[in-house]
Amino acid sequence: MRIATWNVNSVGARLPRLLDWLQTREPDVVALQETKTNEAGFPTAEVEALGYSVMHVGDGRWNGVAVLSRVGLEAVSRQLPGMTEPRYAVADCGGLRTVSVYVPNGRSVDDPHYAYKLDWFDALRHTLDDQDPAQPLVIMGDFNVARNDADVWDIRSFAGSTHVTPPERAALESLIDWGLVDVTARPGKNDRPFTYWDYRAGMFHKDLGMRIDYVLASPSVTVQDAYVDREARKGTGPSDHAPIVVDLTLPS
DNA sequence: ATGTCCGTAACCTACGGA
């Protein structure tokens with residue numbers, strides 16, 4: 001099974017590239033984030049025409065997540081308990097419980113949105129309280145946290161910034177500590193498996209990026225291969241995030 | 001290293017958010 005996660009930064013603006021990418025990469029299950037549209041605005045017909053079932057939640061503004069699957073899709077949850085924003089969608093896809101998450105950005109450490117981000121993480125962690133560790137599960141998406149100093153281009157540039165603070169990292173770590181594996185992408189042309197580069201200042205071309213998107217997999221998922229699809233960040237009209245593509249096998 | 005891009009609301013440009 002091939003799975004992928006991608007923050008598309010508007011599924012409307014990204015539609016031609018998304019459809020091309022689905023056809024060339026042929027993932028079985030896809031988690032999308034930051035669709036920036038509502039139910040009516042999601043390009044369901046275009047995606048279904050490529051053989052995918054679609055689950056999407058969004059209110060049309062700065063959030064929205066989806067799960068696409070061509071190996072069956074049964075919706076499990078559309079809302080993270082206690083949180084109203086559409087940043088969480090869960091579906092069972094061909095034996096794999098698939099969670100698409102778009103963790104709040106946090107904005108700045110003195111902003112209420114930062115506390116909201118930590119609360120959101122806490123709520124996400126609590127969903128694992130009832131989770132069977134033996135069930136094949138992936139939680140993937142934009143976590144808006146760089147797990148280690150090496151996951152940003154220069155940690156000195158992040159003094160006082162969100163995405164690298166100990167509380168944020170502890171929140172991400174608590175998910176992993178439950179028993180999930182941080183699926184590591186193989187090195188590409190560059191050693192650092194960044195998934196996000198700011199649009200500004202030629203950051204992508206200088207490879208000044210951040211690893212803030214993750215695939216977290218439960219132990220019964222066997223990973224065959226994983227890579228950051230940098231090609232999707234190149235050319236005309238890319239998202240500011242690149243997808244992570246993972247080939248895996250599930251227990252029979 | 002705040003230099004771009006996105007959607008919105010309202011217009012032919014400014015703004016919030018990332």
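Note that this is a predicted model, so its numbers are computed, not measured. (Residues numbered from 1 in each chain as written. Chains lettered and ligands numbered in written order. Predicted model: local features only at pLDDT ≥ 70, side-chain atom pairs only at ≥ 80, totals over all residues.)

**Description of the overall build of chain A**
Looking only at helices and strands, chain A has four helices and 12 strands in total. The C-alpha atoms of chain A give 17 Å as radius of gyration, which agrees with the globular expectation for 252 residues (18 Å, within 12%). Structurally, chain A occupies a C-alpha span of about 45 × 45 × 35 Å along its principal axes. Taking all 252 residues of chain A together, 42% fall into the buried category. Sequence-distant contacts, at least 24 apart, represent 65% of the contacts inside chain A between residues at least 6 apart. (Helix = DSSP H or I, 4+ residues; strand = E, 2+ residues; numbered from the N terminus. Rg over C-alpha atoms; globule rule 2.2 N^0.38 Å. Buried ≥ 20, exposed ≤ 12 C-beta atoms within 10 Å, placed from the backbone. Contact = placed C-beta atoms within 7 Å.)

**Some words on the protein's contact with DNA strand B**
Taken together, 16 residues surround DNA strand B, and among them Ser-10, Gly-12, Ala-13, Tyr-199 and Ala-201 come closest. Among the residues forming the surface near DNA strand B, the class breakdown is five nonpolar, seven polar and four charged. (Near = placed C-beta within 6 Å. Nonpolar A, V, L, I, M, F, W, Y, C, P; charged D, E, K, R; others polar.)

**Regarding the pairing of strand S8 (residues 137-142)**
Moving residue by residue along a regular strand, the side chains alternate between the two faces of the sheet. Most of S8 is tucked away, with six of its six residues classed as buried. In this sheet, S8 lies alongside strand S7 (residues 96-102) in parallel orientation, the contact comprising six bridges. For Val-101, the partnering residue across the bridge sits in S8 and is Gly-141. For the handedness criterion, the β-α-β arrangement of S7, helix H3 (residues 112-126) and S8 is classed as right-handed. (Pairing = 2+ DSSP bridges. Right-handed = clockwise from strand over helix to strand, strands pointing away.)

**Looking at the sheet that holds strand S3 (residues 53-57)**
Paired through their backbone hydrogen bonds, the strands of a sheet run either parallel or antiparallel. Taken together, six strands build an open sheet; the order of strands is S3-S4-S2-S1-S12-S11 and the sheet is mixed. Looking at the sheet topology across the chains shown, the edges are occupied by S3 and strand S11 (222-228). Between one strand and the next, the sheet's axes are offset by a mean angle of 15°, whatever the strand orientation. Where strand S2 (residues 29-33) lies against strand S4 (residues 65-69), five bridges are found, and the strand directions are antiparallel. Bridged to Leu-32 within S4 is Ala-66. (Axes fitted to C-alpha atoms, helices over the stretch in contact; angles between N-to-C directions.)

**Observations regarding the nonpolar core**
With 66 residues, the main nonpolar core has Leu-32, Ala-89, Val-101, Val-138, Ile-139 and Leu-216 as its most contacted residues. Counting residues per element, this core draws most heavily on strand S6 (residues 88-93), at five residues. Among residues more than four places away in sequence, those in contact with Ala-89 are Met-55, Val-57, Val-65, Ala-66, Val-67, Arg-78 and Ser-100. (Core = buried A, V, L, I, M, F, W, Y, C linked by C-beta atoms within 7 Å.)

**Here's the deal with the sheet that holds strand S10 (residues 213-217)**
Taken together, the six strands give an open sheet; going across it, the order is S5-S6-S7-S8-S10-S9, and neighbouring strands pair in mixed fashion. Both edges of this open sheet fall to strand S5 (74-77) and strand S9 (181-182), since each of them pairs with a single strand only.

**Details of unusual backbone geometry**
A positive phi angle is found at Lys-36, which is not glycine, with a value near 55°. By the element assignment, Lys-36 lies in the loop between S2 and helix H2 (44-48). Taking the C-beta count within 10 Å as the criterion, Lys-36 has 20 such neighbours and is therefore assigned buried. Although it is not a glycine, Arg-107 sits at a positive phi angle of roughly 65°.

**Some words on the environment of Glu-168**
Its location among the elements puts Glu-168 in helix H4 (residues 166-177). On the neighbour-count criterion, Glu-168 (23 C-beta atoms within 10 Å) is buried. When the C-alpha atoms of Glu-168 and Ala-146 are compared, they prove to be 8.7 Å apart, with 22 residues separating the residues in sequence.

**Considerations on H3**
For H3, which comprises 15 residues, the first-to-last C-alpha distance of 21 Å matches the rise-based estimate of 21 Å (1.5 Å per residue) to within 8%. Looking only at H3, the buried set comprises Lys-117, Trp-120, Phe-121 and Leu-124. Within H3, the buried residues cover an arc of 100° as seen down the axis, which keeps them to one side. Exposed and facing more than 90 degrees away from the buried side of H3 are Pro-112, Asp-122 and His-126. The elements touched by buried residues of H3 are S7 and H4. (Expected span 1.5 Å × (residues − 1). Arc of directions from axis to C-beta.)

**Overview of the packing of H3 against H4**
Two numbers describe how H3 lies on H4: the axes approach to 9 Å, and their chain directions differ by 10°. For the element pair H3 / H4, the angle class is roughly parallel. Contacts between H3 and H4 involve Leu-118, Phe-121, Leu-124 and Arg-125 on the former and, on the latter, Pro-167, Ala-171, Ser-174 and Leu-175. Residues of the contact of H3 with H4, tallied by class, amount to six nonpolar, one polar and one charged. (Parallel < 35°, antiparallel > 145°, perpendicular 65-115°, else oblique.)

Note that all results are geometric; they support no functional claim without further evidence.
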